[in-house]
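Reading the structure
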Amino acid sequence: MEVVGKKIEKDYALIDLLKRPEVSYEKLCTLTSNDGSMIGGPAVDDPIVAEQVEIQVKYEGYVNRQQEEVRRQAAHEDQIIPADIDYDAIASLSIEVRQKLKQSRPQTLGQARRVSGVTPAAVALLLIHIKRTSYGKSVS
């Protein structure tokens, strides 16, 4: 059986084969077993549905990582930034980000995240600094 440009020598779930960039839903639907029966069963007739199946399978890992990142960021949304924080003590922050944070004085990481020019990396550095200096209290 050849689907990925070479003979498949071990058992794979069809969904795992479809995750590969060189394998399409259409190609998978042509696979037959040794007795000639369709391996995956009948294909969907609607090309739009077939395309959506392929897209969802191929991008599932990326979407899951993005959703996890959103969950992580939401968990720190209400993390309090101490009023007496010294942004200049966070050496990894760019001068521009330090200036913007000093000017806007956000009270939480969520507010800092929404300051124009403050990158996700800068917010992560700010969180690390807060945790290291044991300021790590959240709004209840």
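In this text, all values refer to a predicted model and were calculated from it rather than measured experimentally.

1. Some remarks on unusual backbone geometry
- One non-glycine residue, Arg105, adopts positive backbone phi at about 45 degrees.
- Here Arg105 is to be found in the loop between α4 (95–104) and α5 (109–113).
- What makes Arg105 partly exposed here is its relative accessible area of 35%.

2. So, the pattern of salt bridges
- A full pass over the atoms with the stated rule returns 9 salt bridges.
- Here Glu68 ties to Arg72 by a salt bridge, and the two come within 3.8 Å at their closest N and O atoms. Here Glu68 and its partner Arg72 are both found in helix α3 (residues 47–75), 4 residues apart, which amounts to about one turn of the helix.
- When its relative accessible area of 43% is taken as the criterion, Arg72 is described as partly exposed.
- A salt bridge links Lys100 to Glu96, with the nearest nitrogen and oxygen atoms 3.6 Å apart. A residue pair is termed a helical-turn pair when its members lie 3 or 4 positions apart in one helix, as Lys100 and Glu96 do in helix α4 at 4 residues.
- By relative accessible area, which is 24% here, Lys100 ends up partly exposed.

3. A few points about the nonpolar core
- Formed by 16 residues in total, the largest nonpolar core has its most connected members in Ile81, Ile85, Tyr87, Leu101, Leu109, Val118 and Leu126.
- Put simply, the parts of the chain that give this core at least two residues each are α4, α5 and α6 (120–132).
- Discounting residues that sit within four places of it in the chain, Ile85 has contacts with Ile90, Arg105, Leu126, His129 and Ile130.
- Of all hydrophobic cores here, the second largest spans 9 residues; its members include Cys29, Leu31, Ala50 and Val57.

What counts as what
- Residues numbered from 1 in each chain as written.
- Predicted model: local features only at pLDDT ≥ 70, side-chain atom pairs only at ≥ 80, totals over all residues.
- Heavy atoms only, no water.
- Helix = DSSP H or I, 4+ residues; strand = E, 2+ residues; numbered from the N terminus.
- Buried < 20%, exposed > 50% of the residue type's maximum accessible area, 1.4 Å probe, protein only.
- Salt bridge = Lys/Arg side-chain N within 4 Å of Asp/Glu carboxyl O.
- Core = buried A, V, L, I, M, F, W, Y, C linked by side-chain atoms within 4.5 Å.
- Contact = heavy atoms within 4.5 Å.

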